[in-house]
Structure formats: structure tokens, C-alpha cells
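Listed here are the chains, written in short residue letters.
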Amino acid sequence: MQPEGPYRFTEASGVCQVGSAWWAVDSQDRLLTVAVLEGAAAADQPWREAFTNAADTLAQTPGGPRYVNADFAAARPWVAYPAEVENAADKLFGLLGMPLRSPHLEPVGDLATRAMPATTPVAPATPTAGVPSSAVPASGQPASGVPASGVPASGVPASGVPASGVPASGVPASGVPASGVPASGVPASGVPASGVPISGPPGSGIPSSGVPVSGAPSSGAPPVWAAHATGSPVVATPPADPPAAHPGPADPGPPHDPFASPARRIQPSPPPRPRTGLRLGVAALALAVLAAGGGLAVWAVTRSADAPPPAGPAGAFPTATPAAGFRPWSQAAPYSAQERALATAAPGLVFVEAVFNGYLRDGRTGALLNPTPVTFQRRCSGFVVDPAGHVLTNGQCVAPDEPVARERALYTLGRILVAGKKLTPGALDGWVRSRTAGTRFTGKEPDRPPSSQVFVQLNQATGGLTGTPAIAGEVVRTRAADAGDLALVKVARPDLPGVELGDAAALTPGGVVVVAGYHTVDADFRDATYTLRSKTVQVTATDTGQGAVPLFRIGDDIGIYSHGGVALDPAGRVVGVLTNDRSGAGGANRAVVPVTAARELLAEAGVAPTLGDADRLYRRGLDAYFTGRDATAVSQLDAVARGGNGNELAEAYRRSAADRQQLTAAAPEQSNLPTVLFSGLGGALLAALAIGVVLLARRRSRR
């Protein structure tokens, strides 16, 4: 039966007598391991407390697994761990003394229903007053399991057929003796007439009532931290001394030894000389060591108080989903260098859409192929390089060469003819090829170029959008396809989140970079939803066959709309721009223009790439987040989010830092006592060794 919780449980990974472990996926498609307390243990308060204490103990242990979510008040308490934390559920149930096993093995049964361990057999005794000699405790339940020898304490033969009709265990199923004597006829102490105690064997987990204790594992004593779950320890009372046998003659004592002699044959060795000096030296040494240990303890306490917070996460995933829908922690391992690089650069990436409007004319006569203008769009990715609103993107996307624009316009007109039943779909490609050479794509006037507009959108984008939140822009400068295929666009809104340019030296064959750009999974690209996508890829080669600027080829791409996107180094800086690989790979965007070409284009346009104040504050907030300084992260990221520059990831990471801060505050404060004790002990041992060596040397010198 699957557990209940905020996750989608996929498969059980392990089971034990008190619970199970499950693979699960959360609402953000992250894989987790969930440990669930089940069965009778889930209904028993001591077991629930032991389960909670075990999870907290592991979380507070250095290097121990830390849970990201838990519900200890649920009907079946559960704890969730990231899938990257290996064997977290195994460690939790192992700490409870209930190791997990494969769910495909034969089940062992619930703790409260499995058979009790066998007890030491007791010699048969004569029943008293019709009460079976196994004795029924005041609760009416059996005091222990079936004796290991198979012979019940009531003296019933091993064949299992009782002489009086009482079951072989000596206790009727109802808990009432067969003689009809009620449970009240048994002495209140629970000791039967035979004198056999009614308490269970040590470690069996059976209290004197005979009812299994729900919080006591049956295999040995529970862990110390879970001792409260077992209640008072169960102590087995030794059997009463058997009655004396028939009186016989007195013990005659040991037999006479004919070889004994009153004379002592072996003389004892003389007592050793007292080593008072050495003992005094060791005592003095111990005192010196304790003093040294105290100093070490003081040093350790003051050092831990002055030390900066530990680096790394405190065990919680970001919980806020930005409106952009882009979640760096879901596209890379949480808290990894890849996530940090994406979180740093992603706010400055933009979706770019260029809209072209013109007329198709006969190249010789200038006659219109269609009386109405043809409009088409080209979509790609880009990134903001300064607070003034300059955006770098792909050149062929926003300012295509005339043959490229002409072919695209012909395909657009051909699809209109197909929709009007004037052309069949199968004839579309041939129709375009037959008209490409003799057609021109112009503006309203034959000697004017077609009109164009450029729009950019931050975060999540929608195709065909020209109003808010789309931001209008214009092309400032371009570089030809064989010179880097880049374009510089100036948008109408300043102070957008920006990226930082890095060093192209990171692009070397065999090196690894993170690439990011826009893509869509919608079938209709015209009004599709476009979101950021990223991959970690390897640089495979250098390519000089596509023009004057040498390109770098990568081993994978992220979709047809990623040209103009970025290649990032581990610090989240742009080291290259994605472009179309014209040498092969089906035209995929598997080529990278080095950032040096982008710097040259910016210099030609007089633009200095720089970060704005909000960008620098955002990076300081991310640094605090990824190094575990949650209070600083919350303060700085909150200031960025309230600034309103469109950086939605700032709010997502601010909320994550705040959630992590609450988890840390809820955890009990660790004591410095172990540090003090171990420091004192270590110092004492070292000092004792030194003094002992000195005293021993002095003693030998006196001889």
C-alpha cells in the first residue's frame, strides 16, 4: 500500500517490520527517498517518538543524512531525503534496529504480530486448584511465547494434546484457564502456583502483562536514544529454588589425598618493590594533562564561536518556483557548480523575436506575386550585456541575408496557398525552389527593404507577442555569418538583469561548458511558450571552415531556437555564443562563437559590457546562499527582488534561503561538551606520556 504525502510514490525500495522506504518524485520532478513508519509501530506513540528522534539524530550527526521534508504528525509518519543522499532510509531504520530488506523477499510480518522469541523451558509442575501451571497473568494474556523445547510449562505432553483439554501452550485461546477459574484466581503478582515467573525472557520485548511492547524491537536491546520507546526495562525473574529432595546422609566432604603433605613445596616469590615514585609521577602528569586539556577545550569553544558558518547547503531544496518556470536546481544537481552557473546567468538571458513584413515581386518585371504583404517571424535567444539595454544575439535571426529572407517569405506565402487549397502540401518545396532565383523580397516600394521589428522577453516567453511584457528594440550593428554571425540590439528598457563576459580560454577541445538557450515543446510555434533549457556539454573540436572567426564544435545542442544563446564557465560567465553548425549535424546549433568576437562587436559599437548594481548585489546574495549564510542571502536577494528589474530567480532563491534558515533554527543547538571532554582527554594522555618518559629516564639514571 503506497504511503500518503505530497509526493508521487513510484516504487518501494525496502521494507522492515516497522516500515518501508519508497522512491518518490516531488512536484518539481526531483527524485527523493521517503522512509515511512507503518503498521502497529505507526499507531504506537513510543515508536513514533523513536522514529522522530532517529531522523533528527542523523540530521545532526556530522556527515549524516539530512531530510528535506517530513511529517511526524501524520497517521504514518514519513521523512524525505534527496536521492543524492545514499542509503538514507537504510541508516534511519538501521538506527532503529530494524534494517531494511528487499521488498521482493518473503515478508517478515509486522512487529506487533510476529511470533515471540522462545523462552527457556521450565520443568513441569503439578497444577494447583485447576489453574494451569503456566499461570495466566492478571491481564488474561500469556506471559511468554511457546517454550523452546516444545513442552509447555503446564506439563502438557509434547504431542500437544493436553490432559485436561487445555491447548498445548497451557493457556486457552481466550486467556481463561480451562478449569473455569477466572483470571482473578491468579495471584496479583502474576506468579503461578508452580513458582515460575510470568515475565518474558530478557530482550524479548514482552512485559509482565504478556502483551508485546509496541516500541521494543525483539532482537536485543534498542538503541540508547530510543530507550524511552521500550518503557521500563523487562527483567526476567530467576526461577524459585526447587524444593529440597528427600533427606539423605550428610556431605562427607572431599576425599582424602594420600599425596598431601603439611610441608609447602613451592615457596612464593618475594613481593615486588613498591614504585611509589613512578605512581606519583603519573599522578602529577595526569594533573598537568588535565590543565592542558582544559586549555585546548577553551580554544576549541572560542574557535567554534568565531568560525564562519559552514559552507554548503543546510539540507533543503529551493521551494519557490519562479513565474519564469526556469528552475536551475531541476536542470543540474542541487548545489552543484552547474546549478550555480545557471542561477548566475539565467536572469540575463532573453527570448528574441524578429518580425519581417514585405512584398514578393517578380525579379524582372517587379510585379507582385501576391497583392498583400507577407509577414514572418524568426526566433532565437540572446543576453543583456549592460544596464543601458544592449542585447547580443544571433545575426541571421534579427538581420538575415536577403536570400535567406526571400526563401523564408516564399515558404510563408506557399503555406498560405496550401491553406487556400491553391497548392498541395507535397508541391510546396518544389514551388519555392522554382521561384527563389527570380523573386525579390522588398518593402512597399520596390527599391525599399522590407520592414522589421525586434522584441525581447525575459524569463518565460510567448511567441507572437508584441505588447507587454515584450520589450521593443532595434538592430544597432551586425557581423556577417562568416565573421561570427552576431548582432547587437538596443531595447527600450534599461536596467535589465545582465550577464558577465568571461574568457574564451575556457573553450578548449575536451573541456566542459554549460550551454543555455530558449526552446519550446509546443507543436504550434507561432504562439508557443518558450522557456530556458540547459545542458552540460563537451567541446569536441575547433572548426575554421565557417569563416574568418574560428568556431568550436560541441557534442550536443538544446534546440533550434538556442542560436544566440550562451556557453558558460563554472562562474556563470559567458565564454561563447551558440550558432548554427553549417558544416553538418543537420544544421543544429552545435557551434560556439568565442566571446572574443562578441567583445570586438561591442567595441565597434562603443558599448562597454558591465554589470549593474542589482546584478552585483544578486551575485553576492547567490554567493551567500551557496555557502550557507542564509541570513545574508535573504537580505540581499530580497533587495534585488523588490527592485523590480525582472529577476524572478532572486525571489525564488530568497524564499529557499528563508526556508532553510527556519529548518536550521528549529534544529536543537549542538553542545560543546564533547569537544571539551575529548580535548581534555587527548591533552592528558599526551602530557602523561611525556612525564612518564622523563620519570623513567631519571629512575634508570639513579641505578
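The notes below deal with the structure included here. (Residues numbered from 1 in each chain as written. Predicted model: local features only at pLDDT ≥ 70, side-chain atom pairs only at ≥ 80, totals over all residues. Heavy atoms only, no water.)

1. Section: the overall build of the chain
From N to C terminus, the chain includes 14 helices and 19 strands. Burial statistics for the chain: of 703 residues in total, 42% are counted as buried. Partitioning the contacts of the chain with sequence separation of at least 6, the portion at a separation of at least 24 is 65%. When the accessible surface of the chain is summed, it comes to about 35,700 Å², and 58% of that surface belongs to carbon and sulfur atoms. (Helix = DSSP H or I, 4+ residues; strand = E, 2+ residues; numbered from the N terminus. Buried < 20%, exposed > 50% of the residue type's maximum accessible area, 1.4 Å probe, protein only. Contact = heavy atoms within 4.5 Å. Areas by Shrake-Rupley, 256 points an atom, 1.4 Å probe, with all protein chains shown as cover.)

2. Describing the state of the cysteines
Here the structure, examined in full by the defined rule, presents 1 disulfide. Note that cysteine 380 is cross-linked by a disulfide to cysteine 397, the S-S spacing being 2.2 Å. Because the sign of the S-S torsion sets the handedness, a value of about -85° for the bond joining cysteine 380 and cysteine 397 places this disulfide among the left-handed ones. With cysteine 380 in strand β7 (residues 374-384) and cysteine 397 in helix α7 (residues 395-398), the pair connects residues that are 17 residues apart, well separated along the chain. With relative accessibility at 0%, the residue cysteine 380 sits in the buried group. Using a relative accessible area of 0% as the deciding quantity, one classes cysteine 397 as buried. (Disulfide = S-S within 2.5 Å.)

3. Focus: the pattern of salt bridges
Under the criterion given, the structure shown has 19 salt bridges. Across the salt bridge formed by glutamate 353 and arginine 379, the nearest N and O atoms sit 2.8 Å from each other. Taken as a pair, glutamate 353 in strand β6 (residues 349-362) and arginine 379 in strand β7 lie far apart in primary sequence, 26 residues in all. With a relative accessible area of 2%, glutamate 353 lands in the buried category. Residue arginine 379 is classed as buried on the basis of its relative accessible area of 5%. (Salt bridge = Lys/Arg side-chain N within 4 Å of Asp/Glu carboxyl O.)

4. What to know about the nonpolar core
Among the nonpolar cores identified, the biggest contains 54 residues, and Phe383, Leu392, Tyr618 and Tyr653 are the most heavily contacted of them. With near-sequence residues (within four places) excluded, leucine 392 lies in contact with Gly382, Phe383, Val385, Ala487, Leu488, Gly564, Ala598, Leu601 and Leu602. In this structure, Val350, Phe356, Leu413 and Ala487 belong to the second largest nonpolar core, which totals 31 residues. (Core = buried A, V, L, I, M, F, W, Y, C linked by side-chain atoms within 4.5 Å.)

5. Details of the pairing of strand β12 (residues 471-478)
Look at any regular strand and the pattern is simple: side chains alternate between the two faces of the sheet. Of the strand pairs in this sheet, strand β10 (residues 451-458) and β12 are connected by 3 bridges, and their pairing is antiparallel. Looking at the pairing, valine 454 lines up with glycine 473 of β12. Bridging between β12 and strand β13 (residues 486-491) involves 5 bridges; their strand directions are antiparallel. Residue pairing in the sheet places glycine 473 in a bridge with valine 491 of β13. (Pairing = 2+ DSSP bridges.)

6. So, helix α2 (residues 45-60)
The α-helix winds at 3.6 residues per turn, so residues separated by three or four positions along the chain end up facing the same way. The first and last C-alpha atoms of α2 sit 23 Å apart over 16 residues, in line with the 22 Å expected at 1.5 Å per residue. Those residues of α2 that fall on the buried side of the exposure criterion are Trp47, Arg48, Ala50, Phe51, Thr52, Ala54, Ala55, Leu58 and Ala59. On the buried face of α2, the contacting elements are β3 (31-37), α1 (39-42), β5 (78-82) and α3 (88-95). (Expected span 1.5 Å × (residues − 1).)

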